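One letter stands for each residue in the lines below.
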Amino acid sequence: MNGRPPAPAGITGLGIVCSVAQDVDGFAAALAAGASGLRPTGTADGPALTADVDGFSLERALAARRLPAHLLGTAARAAGRSPWPLRAAAAAALEAWEAAGLHEAPADPDRIGLVVAGNNLTEQHTEQQRPRYQRDPAYLPARYALHHQDTDHVGTLSHILGITGEGCTVGGASASGNLGVITGARLVEAGAVDVCLVVGALVELSLLQTRGYLTLGAMAAAGPPGTPPPGAPFDADHRGFSPGQAAAVVVLESAASARTRGRAASAVLRGHGSALDGNQLADPSAAGEARAMRTALRRAGLAAREIGYVNTHGTASPLGDRTELAALRLALGDEAGTPWINSTKAVTGHCLASAGVVEAVATVLQLERGFVHPTPGLRRPIDPGYRFAGTAAEDARPGFALSNGFGFGGFNTSLLLARPDA
Amino acid sequence: MSDLTRTQVFDTLRRNALDVVPELDPAAFAAERTLSELGCNSIDRAEIVTLTMEELGIVVPVHEFQQGYDIATLVDVMLKHA
């Protein structure tokens, strides 16, 4: 490759609403404590465990923000009648906006981008509206024409925040979050925007979507009474993923913009990799996953031994977990056992479209605050040759971390995040 | 033909308008005003009418609604199909 690599984007703001916390500080505390939002569903035919967001209220979320009244008023009006996953995304976006100080040290709105990660986000909403339509088509709620579109996230969030640069949704199944971060980073690296909000959209699964994952055996089913709960990612008792709900946001920003605004980045996105397998199926490929990780390392100009931590895709799929460990061996070689590894999905559930953004937030928090969170429930790792974080948080100061995200249909992605001083 | 009164339709429209647009001034909701004048955008207006039809069990064919109806005319159109 010729020429200088583009200057990497920094991360100047984070926001989250998930099962274990409805703000970033609460999320950091839950990670450090090894809390888990996963709870039994009590339905034999359904998933064994889910990590749902309980008791979310946009009013309460807005009341917690120290933002100008006109901004909070616009948020209440614009998102007030939105489906609740979008209200949660608005809350997370406002938290990240405040953290980045975009209300007090503004950037040019034409130079702010908005990437929403996730697709097929509205099937549950459609499922909910169908009985009204069946009673009479005239009763279909008038906002349906807006609400059934994934891009309603882009419209509503840009309306609230006054964002007038580039915007779009980005999809890649469970790799959507990482693909959103990569897309946002490219907009910043290419100079198309100075600041880019990347929003991982909260997935509320429809009955059909849930059943689809169960039918394939990808999601861990509850089973008849007495069936033991599924094991954590990388545990010998793992038998499929458990879904979680989260909206998460990272603010990516060029170093020049952050400097102009007087803001410090809490982490830097030093590299990223994205590669397809050329495979329509749900079969993961160690070679494809390793290619994504190696690309991220190469773009960052780093050697395998410099990676101190890997936030795995780690869904608790037996095949997926084994394949990812094999991919780590391919990508990192003899150093595969060196970095700490864990799975945030044991804390948040598998947040599907937003997983990559949730895990980018988790990775940044661990780099910034100097710990590696445990993988709650991981008792008997399937392979002793890796450095799994134990049952409690480890004091650790990794400088460089990989965060993986893979998706059905052969999507492989990896982010390389760094402490600013590393 | 049901026994719906003008007052019932008017009150239902007003309640739904206040639900959809909480900042709307209830005192300004008057028969000779249009929903646009009260600060309702096009999506708000469609939602207020749809919610009111559903609540009252009325179906007005979609082509019978026109832009710029005042509230009294909206009530008339709904009563015609009640």
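The rules behind these values
Residues numbered from 1 in each chain as written. Chains lettered and ligands numbered in written order. Predicted model: local features only at pLDDT ≥ 70, side-chain atom pairs only at ≥ 80, totals over all residues. Heavy atoms only, no water. Helix = DSSP H or I, 4+ residues; strand = E, 2+ residues; numbered from the N terminus. Rg over C-alpha atoms; globule rule 2.2 N^0.38 Å. Areas by Shrake-Rupley, 256 points an atom, 1.4 Å probe, with all protein chains shown as cover. Polar contact = N/O pair within 3.5 Å; in protein donor to acceptor, adjacent residues only side chain to side chain. Contact = heavy atoms within 4.5 Å. Phe/Tyr/Trp six-rings, centres within 6.5 Å; stacked < 30°, edge-to-face > 60°. Buried < 20%, exposed > 50% of the residue type's maximum accessible area, 1.4 Å probe, protein only. Pairing = 2+ DSSP bridges. Axes fitted to C-alpha atoms, helices over the stretch in contact; angles between N-to-C directions. Buried area = accessible area lost by both parts, 1.4 Å probe. Salt bridge = Lys/Arg side-chain N within 4 Å of Asp/Glu carboxyl O. Nonpolar A, V, L, I, M, F, W, Y, C, P; charged D, E, K, R; others polar.

Caption draft 1: Just the overall build of chain A, in detail. The number of helices and strands found in chain A is 14 helices and 15 strands. Radius of gyration (C-alpha) of chain A: 20 Å, near the 22 Å computed for a compact globule of 422 residues. Its C-alpha atoms put chain A at 60 × 60 × 40 Å along the principal axes. Of the roughly 16200 Å² of accessible surface on chain A, 52% is carried by carbon and sulfur atoms.

Caption draft 2: Geometry of the side chain of Lys345 of chain A. All names here are of chain A. If you trace the backbone, Lys345 turns up in helix 13 (residues 345-348). In terms of polar contacts, Lys345 uses its side chain to reach the backbone carbonyl oxygen of His313, at 2.5 Å. Not counting the four nearest positions on each side in its chain, Lys345 is found in contact with Leu38, Thr312, His313, Gly314, Thr315, His350, Ala355 and Glu359.

Caption draft 3: Representation of the packing of aromatic side chains within the structure. Per the counting criterion, the structure on display carries five aromatic pairs over all chains. A centroid spacing of 5.4 Å and a plane angle of 50 degrees characterise the contact between Phe234 of chain A and Phe388 of chain A, whose relative ring orientation is tilted. One end of the pair, Phe234 of chain A, is in the loop between helix 9 (207-216) and strand 7 (246-253); the other, Phe388 of chain A, is in strand 12 (residues 387-388), and 154 residues separate them in sequence. The same class applies to Phe234 of chain A and to Phe388 of chain A, which are both buried. On the basis of an interplanar angle of 70 degrees and a centroid distance of 5.2 Å, the ring pair of Phe10 of chain B and Phe29 of chain B is categorised as edge-to-face. On the criterion of sequence distance, the pair formed by Phe10 of chain B in helix 1 (residues 6-20) and Phe29 of chain B in the loop between helix 1 and helix 2 (42-56) is long-range, its members being 19 residues apart.

Caption draft 4: Spotlight on the pairing of strand 1 (residues 9-18) of chain A. Residues and elements named next belong to chain A. The buried count for strand 1 comes to 10 of 10 residues, which makes it a mostly enclosed element. In terms of strand pairing, strand 1 meets strand 8 (residues 267-276) through three bridges, oriented antiparallel. For Ile11, the partnering residue across the bridge sits in strand 8 and is Ala267. Of the pairings in the sheet, the one linking strand 1 to strand 7 comprises eight bridges and is antiparallel in character. Its bridge partner lying in strand 7, Gly15 is registered against Val249.

Caption draft 5: Representation of the sheet that holds strand 7 of chain A in the model. All names here are of chain A. Read across the sheet, 11 strands follow the order 5-4-6-7-1-8-15-14-9-10-12 without closing on themselves; strand pairing throughout is mixed. Strand pairing shows two members of the sheet lacking a second neighbour, strand 5 (167-170) and strand 12, which therefore form its edges. Bridge count between strand 6 (residues 195-200) and strand 7: six bridges; the pairing is antiparallel. In the sheet register, Val198 faces strand 7, and the bridge partner there is Val250. The strands touched by helix 4 (residues 84-99) are strand 1, strand 4 (112-117), strand 6 and strand 7; relative to strand 1, the strand with the most contacts, the crossing angle is about 140 degrees. Helix 7 (residues 152-161) rests against strand 4, strand 5 and strand 6 of the sheet, and its axis sits at about 145 degrees to strand 4.

Caption draft 6: Just the interface of chain A and chain B, in detail. Every contact between the two is made by 12 residues of chain A and, on the other side, 17 residues of chain B. With both sides pooled, the region where chain A packs onto chain B buries about 1300 Å², and carbon together with sulfur makes up 47% of that total. The three residues of chain A that bury the most area against chain B are Arg77, Arg81 and Tyr139 of chain A, which together make up 45% of that side's buried surface. The interface formed by chain A and chain B contains seven salt bridges. For Glu47 of chain B, the salt bridge goes to Arg143 of chain A, with nearest N and O atoms at 2.1 Å. Residues belonging to the side of chain A that touches chain B are distributed by class as follows: six nonpolar, no polar and six charged.

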